[in-house]
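# Tertiary structure, described
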Amino acid sequence: MEQRTAVAAAAATGLLLACAATRPPVDELLQAELAEAAAALRRGGRQRRVLIIGSPGSGKSTLARAIGDHTGLPVVHADRLSFEPNNPDWVQRPDAEVEADFRRALRAGSSKAGWIFEGDAPDPAAAASCTMLIHLQLPSLLCAWRAYRRYQTYTGGGRPDLPEGLDETFDCGLYFNREWKKAHAAFLKQVRGTARAA
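What this report covers is the structure whose coordinates are included nearby. (Residues numbered from 1 in each chain as written. Predicted model: local features only at pLDDT ≥ 70, side-chain atom pairs only at ≥ 80, totals over all residues. Heavy atoms only, no water.)

### Details of the packing of aromatic side chains
If you walk through the whole model with that rule in mind, you get five aromatic pairs. For the ring pair F83 and W90, a centre distance of 5.0 Å and an interplane angle of 70 degrees mean the geometry is edge-to-face. Taken as a pair, F83 and W90 share a single burial class, namely buried. Taken together, the ring pairs connect Y148, Y151 and F170 into an aromatic cluster. (Phe/Tyr/Trp six-rings, centres within 6.5 Å; stacked < 30°, edge-to-face > 60°. Buried < 20%, exposed > 50% of the residue type's maximum accessible area, 1.4 Å probe, protein only.)

### Observations concerning the pairing of strand β5 (residues 132-136)
Burial analysis of β5 places five of its five residues in the buried class, which makes it a mostly covered element. Residues M132, I134 and L136 line one face of β5 and the alternating positions L133 and H135 line the opposite face, and both faces are buried. As judged from the five bridges shared by strand β2 (residues 48-54) and β5, these two strands associate in the parallel manner. The partner of I52 across the bridge, within β5, is I134. (Helix = DSSP H or I, 4+ residues; strand = E, 2+ residues; numbered from the N terminus. Pairing = 2+ DSSP bridges.)

### With respect to the pattern of salt bridges
Applying the stated criterion across every chain yields a total of nine salt bridges. Across the salt bridge formed by D161 and R65, the nearest N and O atoms sit 3.6 Å from each other. With D161 in the loop between α7 (140-154) and α8 (178-197) and R65 in helix α3 (residues 60-71), this residue pair connects regions lying 96 residues apart in the sequence. Among the ionic pairs, R159 bridges to D161, the shortest N-O distance being 2.9 Å. Note on accessibility: R159 and D161 belong to one class, buried. Through salt bridges with shared partners, one network takes in R65, D79, R150, R159, D161 and E168. (Salt bridge = Lys/Arg side-chain N within 4 Å of Asp/Glu carboxyl O.)

### Overview of unusual backbone geometry
The phi angle of most residues is negative, glycine excepted, and most peptide bonds adopt the trans form. Positive phi, close to 55 degrees, is recorded for N86, a residue that is not glycine. Among the secondary structure elements, N86 is positioned in the loop between α4 (78-82) and α5 (95-110). Of note in this structure, W90 is not a glycine but carries a positive phi near 55 degrees. Inspection of the secondary structure puts W90 in the loop between α4 and α5.

Listed below in structure tokens is the structure:
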């Protein structure tokens, strides 16, 4: 299976996403890049299976929705699968249930044109079967600022990539916690390695 990675290009796209809300010329540039990526995904008869990974606040959900709008591919959000709905304490669902729902979502997309999956994959199947891996690499401070903006926007609920009844949270310390950053970097490296090996 042909593997395509878009690490550098995705980092640039992520930076554009971060600026798009405040700088209209950048937004136009972003739209052109998204249209180009969407055209590449539309070419050929093969399935398009896109995995988007990166730190919280890097723009995974925003980019996934934008690519989904341009291509018509279904978007799967890891957070919607991972947390119990209507529980304000952000309780994680049992691993077996998350994995079953995750594989069901992948199978449903694979039986059609493909899928776009964003977030920390609970199962290596997404990395092993993706045809395009996008790794959004943004500075921690920028991710923290974006996550805070998201917190201000969605406090009280309504964030489209979360289960019903979950209120937005923000933990600034997460972005500067060395242990978390080290563990997350190891996870991202493992995903990239799995995708390239497939």
